[in-house]
Every structure is written in structure tokens, then in C-alpha cells.
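# Chain and residue survey
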Amino acid sequence: MFRTYDQSQPFLLPPSLRDFVDEGHPAHLINDLVDLLDLTMLEARYGSLGQPAYHPRLMLKVTLYGFTVGIFSSRKLQRACQENLAFKYLAGMETPAFKTFIEFRQRHRDDMKAVFVQTAKLARELGFARLGAVALDGTKVEIDALLDQAKAADAREDREYGPDADGYRVSEELARREQRLKKIKEAKAALEQREREDHPGAPIDPDKQVSFADHDARCFTKPGDGTRYVYNAQAAVDMDSQIIVANHIEDSVSDAHAAGPALAGMEQDLGALPRELVTDAGYGNKDTLERCQERGVTPVSATAREGKEGHAGKLDRFSYDGGLDRFACPHGQVFVFVREHASDGTRTYRTADPVPCTCGHYETADGREVIRVGPGHLAKRVLRRIMDEPGRRELYRRRKCTVEPSFGQIKAGMGFRRFFYRGLRNVRGEWDLVCAAFNLRKLAALLANTSGHANAAGPIRRRGARGTSALGPHSVRMALLPDIRDALLHHFIRPATLSVGRLAHAA
Ligand SMILES: [Zn+2]
């Protein structure tokens, strides 16, 4: 005996799109959260001429939701809008072509920063991302930039789409290939030109590779792993909520100078700074110390790679008295400050008399010992002293449970491993989208896990006398939505853009 089914049966009542997506489905929360963003700056980029465009909110909902479930390619987004109920719901049954998604990304690449910032602000409004301790880290995201990789990609695309796509079927990937080949040729010509000028008549050194596909990418060589072309994508993660509160693309493969831009981002975009900035040894230097100190932030940073603490330099065996600005060698000989070199900030310290040890870097003619101390050394001492304060090491260890899983979720969970578009502006826009999607995903999870009363510290309070027993996602949304609306009304949203009716419908 089988259940009867009838595919030609008409609906008795017109169904609502919401009915096709389970009440607990994350698409609802993403939808509701994106509804709360102020997209005026995106809307302002459309003129009144030409064909009416898809609303940027629709495009953003689909794109961001796509990112949260690992769909990054415009072609796949198009297909999802045709076949997948959650996407159909988010797109209101519209089916934008993949070219429309490409145009949307291109047109709004500089707006995605504001979208990301709003997700962080939204999290703060909802009582998350309080900026106690914030962990900063970088991840190197590759571009498939090497010539052979580009060729491999082309071959793959040819197999997938056929080599002779006509004008109608010119795919996003083929368009990219043309762009890629053009850039490769340009970069190669520029390199050859420069080499000819620098070394007339000499053959071109094959080691002098530039990234053929992307001038802005940085070359990164890892022993035993060859050379890769990467962007150093930085994210500052609130350690309590795992919400990304600042992000940028660092203009170097090194993390050494990334603390300043990250703190400036929080200061400027959120109007707030963390109590502590927690970083690994890649950031453990004078720059990080000063950027933190000038803002009243405590830097909790390692200064040597884990397990390499034993390889400390000669100076690390000296003790230092900051008040008197003098060092003492292991034999107790005292080195006093003599002068600072204006050019590089190196400071010279010397014993007052000839001493019976040879701890100094060199000995003067009359037998006094001299040490030279680079500016970075004293900064590392300050950082180590901070690390020795109560609770800091534990906080530093917790960093591993915050920022590394976040990057892990972006790379493994969301499946984002490479930048799809080339050039710094595009890559910035893409990283902003990734971080915005990550925050929405995280917020959806945080809200789903919040049973209303559990977030008593935040601005969200459950209303009325509903029970405090465990609530399903549906009732959580019902309980939260009016509060989200209230919390956000004065912050982001003009009343006209708020769909109160729909929120009421959900409740
Ligand atoms: Zn000594």
C-alpha cells in the first residue's frame, strides 16, 4: 500500500513562500537579519534609467546565504535560485542570471565593507561581540595564479562547458579566463620590460616570478611547499561570541604590522576598542605594542614561536630595570644607558668600569663591556611582562579555541579556500562578504542557541510570561523578533524600510 500523491493537484489556498521552508531553517534567520541591514548605499548606486534591476536586498540575501552554505560561484547561485527552495524563498521566486550576480558583486565590491560592519554592529546590538578580549589572526588565502594552475583551470572549464561556447553561453568562468589571460600577458610583458631595462641583453631570471594573474597578490614561500601567491586576510574575532569585529587585507605576507589597521577598524567602524588584543608571535613586536598602547588596549601577545622559547638571544639572559633603564648580566654586572642612535633607535648600554666578564657585545679599549639593544627588544620585554601577569597565559591559550576555529569554519565549514576574483579591490570586497556571511551564520547559531532568558546580560529580554523551558528555533524567533526590531530601529533602520507586517506575520 502506498500513499497517494498527485502532482497536478492545485493548492486550495495560495501558499506563502515561507511555507516551503521549514520554520527552523537557517534561511529564515539570514533573511530576517539581512532585512535589518541598511542598504541605502547600495540602492544609491542604481539609476532610474534602463531595465528595473533586482533589488540589492534580494541579491544580498541570496549571495550571503550562498556564502554561508559554501556556494560562491555566480553560476551555482543562479542554479540554486532555480532549484533550491531556500534560495527560491530568499529570492522571492526570482531567478537572476549568473551575469547579474557577477554585476552585483562588481558594482558593490566597495559597499561590502559597510555590509560586513553592519553585521558586527548588529551582533553588538543583540548583546554579542562585547569586545572584551579580541583575537587577531591572519590566514593566507591563495589565488590560483600560477600559469600552470590557470591552464589546468581552463582545461577543466573546457571539459565542463565545452570549448566553443557561443555568445549566449559565455560563462562567468570563461569571462574570467579571458580576463586572466589578459592579465597574465600584461604582467608578463611588464616583467620582461623591467628586466630588459635593468639587465640589458641578459636572459630573464626564471626565479623572478611575479604573480602572472594578479599584481596585488603577495608571493609566499614556505619551506618544502614551494611558492604560492596569496592574500593575507586578517580577521579580529571577539573571543566570547566568535563574531568577526574587524577585517582587512594586509599588504604583506607578514602579520607584523596588522594590529594597527585592525584596531583602527574597530575604533572607526564600531566606535569601540577591545580590552585586550590577543595575538600570536607573528604580531609580538614594537609596532603591535605601540598601536595597542596608544589606544589603551592591552596587548597579550606571544613573542616567540611556541616551543622556541629556549632559543632566546644573549640579551634575554640579562635582567632589565625599566625605572633606571639599565641591564644586569647574569654575573650581576650593571650596564647603564649611554645613548640612542637617531637613525635606527638602537640603544647603547655600558658598564661603568672594566668588568671581569665578557657578556657584552664588545669591549671598549679600557675594558668596559658594551651592549647594543635594538628597539624591538625592549618592546618584547614589555610584552613578556604583560604575558606573565595573572590570567594572561590562560587567555592566550583560549585564543586557539577562538580564532583558529573561526578560520577553520570559513575554510572547511563554508568551503572558502581561494579568492574567486582578482585584484585587491575585488579581493577586499570578497573578504568582506565572507566575513559578513560568517557573522550571519554565527549570529543565526547564537540566536538559535539563545533561549531568550539565557541572554539576560544583553539588551534582549523576553517579554510576557512565556515559560523559560527550552525553546525551539521558531519560538526563539518569535520571542526575539520584536526585540531585534526595537533594538535596531533607532540604530540602522528608518521605519519605512522595516517590514513590520512581515515580522508580525512571523510572530
Ligand atoms: Zn657577565
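Residues numbered from 1 in each chain as written. Predicted model: local features only at pLDDT ≥ 70, side-chain atom pairs only at ≥ 80, totals over all residues.

Close contact between helix H1 (residues 26-35) and helix H15 (residues 424-449) brings their axes to 10 Å; oriented N to C, the two are set at 115°. Accordingly, the angle class assigned to the pair H1 and H15 is roughly perpendicular. With respect to the hand of their crossing, H1 and H15 are arranged in right-handed fashion. Mapping the contact onto sequence places Pro26, Leu29, Ile30 and Leu33 in H1 and Leu440, Leu443, Ala444 and Leu447 in H15. Among the residues forming the contact of H1 with H15, the class breakdown is eight nonpolar, no polar and no charged. (Axes fitted to C-alpha atoms, helices over the stretch in contact; angles between N-to-C directions. Helix = DSSP H or I, 4+ residues; strand = E, 2+ residues; numbered from the N terminus. Parallel < 35°, antiparallel > 145°, perpendicular 65-115°, else oblique. Left-handed = near helix turned anticlockwise from the far one by under 90°. Contact = placed C-beta atoms within 7 Å. Nonpolar A, V, L, I, M, F, W, Y, C, P; charged D, E, K, R; others polar.)

Looking now at helix H14 (residues 403-413). Restricting attention to buried positions, one finds in H14 the residues Val403, Ser406 and Ile410. An end-on view of H14 places all buried positions within 65° of arc, on one side of the element. Exposed side chains of H14 directed beyond 90 degrees from the buried face belong to Gly408 and Ala412. (Buried ≥ 20, exposed ≤ 12 C-beta atoms within 10 Å, placed from the backbone. Arc of directions from axis to C-beta.)

Glancing now at the nonpolar core. Core analysis: the largest hydrophobic core is formed by 91 residues, its most contacted members being Val134, Ala236 and Val245. In terms of residues, this core owes the most to one element, H15, which gives 13 residues. With residues up to four places along the chain from it excluded, the contact list for alanine 236 reads Val134, Leu136, Ile244, Val245, Ala246, Ala262 and Met266. Among the nonpolar cores identified, the runner-up in size contains eight residues, and Phe318, Phe327, Cys329 and Tyr349 belong to it. (Core = buried A, V, L, I, M, F, W, Y, C linked by C-beta atoms within 7 Å.)

Attention now moves to H1. Burial runs high along H1: eight of the 10 residues are buried. Among all positions in H1, only Ala27, His28, Leu29, Ile30, Asn31, Asp32, Leu33 and Val34 are buried.

With that settled, consider the sheet that holds strand E8 (residues 326-328). An order of E7-E8-E9-E10-E12-E11 is seen for the six strands of this open sheet, with the pairing classed as antiparallel. Since the sheet does not close on itself, it has two edges, and those belong to strand E7 (319-321) and strand E11 (362-363), each with one partner. Here four bridges tie strand E10 (residues 347-351) to strand E12 (residues 369-373), and the two strands are oriented antiparallel to one another. By the bridge assignment, tyrosine 349 is partnered in E12 with isoleucine 371. (Pairing = 2+ DSSP bridges.)

This part is about unusual backbone geometry. In this model, alanine 129 sits at a positive phi of 55°, which is unusual for a non-glycine residue. Structurally, alanine 129 is set in the loop between helix H7 (112-125) and strand E1 (133-142). For alanine 129, a count of 30 C-beta atoms within 10 Å gives the class buried. Positive phi, close to 50°, is recorded for aspartate 325, a residue that is not glycine. Note that aspartate 325 resides in the loop between E7 and E8.

Another point: the pairing of strand E6 (residues 298-301). As a general feature of sheets, a regular strand has side chains that alternate between the two faces. Taken together, the four bridges between strand E5 (residues 276-279) and E6 define a ladder with parallel strand orientation. Of the residues in E6, the one forming a bridge with glutamate 276 is threonine 298. Handedness of the crossover is the feature at issue here: the chain leaves E5, passes through helix H11 (residues 286-293), returns alongside E6, and the resulting connection is right-handed. (Right-handed = clockwise from strand over helix to strand, strands pointing away.)

Here the focus is the environment of leucine 122. Along the chain, leucine 122 falls in helix H7. Spatially, the C-alpha atoms of leucine 122 and leucine 440 are 9.4 Å apart, while their sequence positions differ by 318 residues.

Turning our eyes to something else, we now look at the confidence of the model for the protein chain. Confidence in the prediction of the protein chain, expressed as mean pLDDT, is 78, and 71% of residues score 70 or more. Counting interchain partners and residues more than four positions distant, the pLDDT-below-50 stretch residues 451-479 has 41 contacts. (pLDDT = per-residue confidence, 0-100.)

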